[in-house]
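# Fold and contact review
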Amino acid sequence: QKMLGFLTLAAAFVGARSQGIPLQPASPGILQWKKKIAGVDVRFTDSPGFRILPQEEPILSWIFRLDPASCDSDIDDVSVRLQRAGANGMRRGHPSEGGLAMVVAQARESQLEDALKEMGDRVRYVEQDATVYAMEQSDPPSWGLDRIDDSRGLDNSYQGSGTIGGSGVHVYVLDTGVRTSHEDFEGRAIPTLESL
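This structure is a prediction, so every number in the text was calculated from the model and none was measured.

Now for the packing of aromatic side chains. Counted by the stated rule, this structure contains two aromatic pairs. Measuring from centroid to centroid gives 5.6 Å for Trp33 and Phe44, while their planes differ by 10 degrees, and the two rings are stacked. Of this pair, Trp33 sits in strand β2 (residues 31–37) while Phe44 is found in strand β3 (residues 40–46), placing the two residues eleven residues apart along the sequence. Just as Trp33 is buried, Phe44 falls in that class too. The rings of Trp33, Phe44 and Trp62 are connected pair by pair, giving a single aromatic cluster. The ring of Tyr125 carries Arg43 above its face, with NZ or CZ at 4.1 Å from the centroid.

Written out as structure tokens, the structure is:
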């Protein structure tokens, strides 16, 4: 009986995915696809270890991206509409202060659909929040690694433990979250812009 329940759930999940359009994977082993909900592109992620309980629809974390020209009042309006649809755990960007025009909320897919029906035109796209993983570098390495290991610049190689070891190089990282206080940085990482 457990196996039958699992197969039914797996078939339903595969059926739901098949209605979407597959996307290029952001990380190895992570499946991504998108579908339109209330006229808005919604990007889904199926990451390793993700499990759906057959009894209820899971609560997932969603990133709502608005038009970059949006202001804080637009973010507030979207947040109120999400709360009315039953979403919670809201985190908001502050575009009026130079931050991102986005809202992150915890919601079931049905709540997401209800909210998008009410405000779809204000949202550019929605993406399921997910963990991504680093991929191995190719040989020759990426432009960035090749550039930082040698004072002469690009030479199609990377020797991370070279004679200067990156000394005197400034690396600018655009990331969704870097803990600059981590011991691996040895005090060398400096946060210069925070958008949320």
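After presenting the structure, the write-up continues.
Before going further, it helps to examine a nonpolar patch on the surface. Judged by side-chain polarity, Val171, Val173, Val178 and Phe185 come together as a nonpolar surface patch covering roughly 340 Å² of accessible area. With respect to the helices and strands, the residue Val178 is situated in the segment after α4 (143–148). Judged by its relative accessible area of 42%, Val178 falls in the partly exposed class.

A separate point is the confidence of the model for the protein. The predicted structure's coordinates, where accompanied by low pLDDT, should not be read in detail. Summing up the model confidence of the protein, the mean pLDDT is 75 and the portion of residues at 70 or higher is 64%. Of all the helices and strands in the protein, helix α1 (residues 2–18) carries the lowest mean pLDDT, 39, while strand β6 (residues 102–107) carries the highest, 94. Contacts of residues 1–18 to residues separated by more than four positions or lying in other chains number nine contacts, the stretch itself having pLDDT below 50.

Inside soluble globular proteins, nonpolar side chains tend to come together where they are buried. Residues Val42, Trp62, Phe64, Leu82, Leu112, Leu116 and Val126 are the most contacted members of the largest nonpolar core, which totals 25 residues. Elements that contribute at least two residues to this core include exactly β2, β3, β4 (60–66), α2 (72–84), β6, α3 (109–119) and β7 (123–128).

Right, let's get into the side chain of Ser61. With respect to the helices and strands, Ser61 occurs in strand β4. A polar contact is formed between the side chain of Ser61 and the side chain of Gln106, at a distance of 3.3 Å. Not counting chain neighbours up to four residues away, the residues in contact with Ser61 comprise Val104, Ala105, Gln106, Glu127, Gln128 and Asp129.

Let us now look at the pattern of salt bridges. A full pass over the atoms with the stated rule returns ten salt bridges. Between Lys34 and Asp41 there is a salt bridge, with its nearest N and O atoms 3.8 Å apart. Taking the relative accessible area as the measure of exposure, Lys34 reaches 22% and is therefore partly exposed. Across the pair Asp74 and Arg122 runs a salt bridge, and its minimum N-O distance is 2.7 Å. Taken as a pair, Asp74 in helix α2 and Arg122 in the loop between α3 and β7 lie far apart in primary sequence, 48 residues in all. Owing to a relative accessible area of 30%, Arg122 belongs among the partly exposed residues under this scheme. Sharing partners across several salt bridges, the network here consists of Asp74, Asp77, Arg81, Arg84, Glu118 and Arg122.

What follows is about α3. Helical periodicity: at 3.6 residues per turn, an α-helix aligns residues three or four positions apart in one direction. Residues Gln111, Leu112, Ala115, Leu116 and Met119 constitute the buried set of α3. On an axial view of α3, the arc spanned by its buried residues comes to 130 degrees, and they lie on one face. Where α3 is buried, its residues contact β2, β3, β4, α2, β6 and β7.

With respect to the helices and strands, Lys35 occurs in strand β2. Reaching out from Lys35, the side chain makes a polar contact with the side chain of Glu109 at a distance of 3.1 Å.

In this section: the environment of Met90. Structurally, Met90 is set in strand β5 (residues 88–92). Expressed as a C-alpha distance, the spacing of Met90 and Val103, which sit 13 residues apart in the sequence, is 6.8 Å.

Looking now at the pairing of β7. Side-chain direction in a regular strand flips from residue to residue, so the side chains alternate between the two faces of the sheet. Relative to β7, β3 runs parallel, the two sharing three bridges. Paired with Arg43 across the bridge in β7 is Glu127.

Reading the values: rules and limits
- Residues numbered from 1 in each chain as written.
- Predicted model: local features only at pLDDT ≥ 70, side-chain atom pairs only at ≥ 80, totals over all residues.
- Heavy atoms only, no water.
- Phe/Tyr/Trp six-rings, centres within 6.5 Å; stacked < 30°, edge-to-face > 60°.
- Helix = DSSP H or I, 4+ residues; strand = E, 2+ residues; numbered from the N terminus.
- Buried < 20%, exposed > 50% of the residue type's maximum accessible area, 1.4 Å probe, protein only.
- Lys NZ or Arg CZ within 6 Å of the ring centre and 35° of its normal.
- Patch = residues over 30% accessible without salt bridge, like charges linked within 9 Å, V, L, I, M, F, W, Y side chains within 5 Å.
- Areas by Shrake-Rupley, 256 points an atom, 1.4 Å probe, with all protein chains shown as cover.
- Salt bridge = Lys/Arg side-chain N within 4 Å of Asp/Glu carboxyl O.
- pLDDT = per-residue confidence, 0-100.
- Contact = heavy atoms within 4.5 Å.
- Core = buried A, V, L, I, M, F, W, Y, C linked by side-chain atoms within 4.5 Å.
- Polar contact = N/O pair within 3.5 Å; in protein donor to acceptor, adjacent residues only side chain to side chain.
- Arc of directions from axis to C-beta.
- Pairing = 2+ DSSP bridges.

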